[in-house]
Amino acid sequence: QEQLVESGGGLVQAGGSLRLSCAASGRTFNSYAMGWFRQAPGKEREFVAAISRSGRSTIYADSVKGRFTISRDNAKNTVYLQMNSLKPEDTAVYFCAADQKGYITTTSSSSFMYDYWGQGTQVTVSS
C-alpha cells in the first residue's frame, strides 16, 4: 500500500503563501495521478487540484484557480501545492491522494476516484 505524508501546513495571514508537500513511500509514484483535497470544519471534503503522472496536465477547482499551483517531482516522489494569496476561506485540513489510473479527467474532482490518502496537514489563514 502506498503511504502518503503531507507537510508544510501552518498559520499564515491573509494574503500570504504556503507550500504543501506530499511525500510518497511507494516505488510506483511515477505511475500515479495525484490530487489535493481539503476539508474545513462543518464542510464536506472538497477538491482542490490534480496532476497527471507526467505533470503535463492539471485541473483546479474554481475557488483556487489563479492562486494555487500543483506540481510534482517524480525523482523525489513528491507532489506540491503552492498556495498564494491565501484567504481565510482556505482554512482547512489539506489531504493529498494518489490515483492509480495515472491520468486525470473531470472525475478526478471526486474523492472516490483515489486509491491512497495521506493523513492531512492543517492550514490556517488568519484575517
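Up top is the structure these notes are about.
Residues numbered from 1 in each chain as written. Predicted model: local features only at pLDDT ≥ 70, side-chain atom pairs only at ≥ 80, totals over all residues. Heavy atoms only, no water.

Before going further, it helps to examine the overall build of the chain. For the chain, the count of helices and strands is 0 helices and 11 strands. Counting from the amino terminus, the chain carries its helices and strands in the arrangement β-β-β-β-β-β-β-β-β-β-β. Relative to the compact-globule value of 14 Å for 127 residues, the chain shows a C-alpha radius of gyration of 13 Å, a close match. With the C-alpha coordinates of the chain rotated into their principal frame, the extents come out at 40 × 25 × 25 Å. (Helix = DSSP H or I, 4+ residues; strand = E, 2+ residues; numbered from the N terminus. Rg over C-alpha atoms; globule rule 2.2 N^0.38 Å.)

A few words now on the sheet that holds strand S8 (residues 78-83). Pairing within the open sheet is antiparallel, and its 4 strands lie in the order S1-S3-S8-S7. Edge positions in the sheet fall to strand S1 (4-7) and strand S7 (68-73), since each of these pairs with one other strand and no more. With strand direction ignored, the average angle separating the axes of adjacent strands in the sheet is 15°. (Pairing = 2+ DSSP bridges. Axes fitted to C-alpha atoms, helices over the stretch in contact; angles between N-to-C directions.)

Of the two faces of S7, the one holding Phe 68, Ile 70 and Arg 72 is buried and the one holding Thr 69, Ser 71 and Asp 73 is not buried anywhere. Relative to S8, S7 is paired through 6 bridges, and the arrangement is antiparallel. Following the sheet pairing, Ile 70 is matched in S8 by Leu 81. (Buried < 20%, exposed > 50% of the residue type's maximum accessible area, 1.4 Å probe, protein only.)

Met 34, Trp 36, Leu 81, Met 83 and Tyr 94 are the most contacted members of the largest nonpolar core, which totals 37 residues. Looking at this core, the elements with two or more residues in it are strand S3 (18-24), strand S4 (33-39), strand S5 (46-51), S7, S8, strand S9 (92-99) and strand S11 (121-126). (Core = buried A, V, L, I, M, F, W, Y, C linked by side-chain atoms within 4.5 Å.)

Under the counting rule described, the total for this entry stands at 5 salt bridges. One network of salt bridges, with partners in common, ties together Arg 38, Glu 46, Arg 67 and Asp 90. (Salt bridge = Lys/Arg side-chain N within 4 Å of Asp/Glu carboxyl O.)

In this section: the environment of Met 83. With respect to the element layout, Met 83 can be found in strand S8. Taking the C-alpha atoms as reference points, Met 83 and Ala 33, 50 residues apart in sequence, are found 20 Å from one another. In contact with Met 83, other than residues within four places in its own chain, are Gly 16, Ser 17, Leu 18, Leu 20, Arg 67, Phe 68, Tyr 94 and Val 123. (Contact = heavy atoms within 4.5 Å.)

On to the side chain of Asp 99, then. Checked against the element boundaries, Asp 99 lands in strand S9. On the basis of relative accessible area, Asp 99 is assigned to the buried category, the value being 1%. For Asp 99, the side chain forms a polar contact with the side chain of Lys 101, separated by 2.4 Å. Those residues in contact with Asp 99 that lie beyond four places of it in its chain are Ser 31, Tyr 32, Ala 33, Met 113, Tyr 114 and Asp 115. (Polar contact = N/O pair within 3.5 Å; in protein donor to acceptor, adjacent residues only side chain to side chain.)

A few words now on the state of the cysteines. Applying the stated criterion to the full structure yields 1 disulfide. Two residues, Cys 22 and Cys 96, share a disulfide whose sulfurs are 1.9 Å apart. Here the S-S torsion is close to 50°, and the disulfide linking Cys 22 with Cys 96 is therefore right-handed. Of this pair, Cys 22 sits in strand S3 while Cys 96 sits in strand S9; the two residues are 74 residues apart in sequence, bridging distant segments of the chain. For the pair Cys 22 and Cys 96, a shared accessibility class is recorded, and that class is buried. (Disulfide = S-S within 2.5 Å.)

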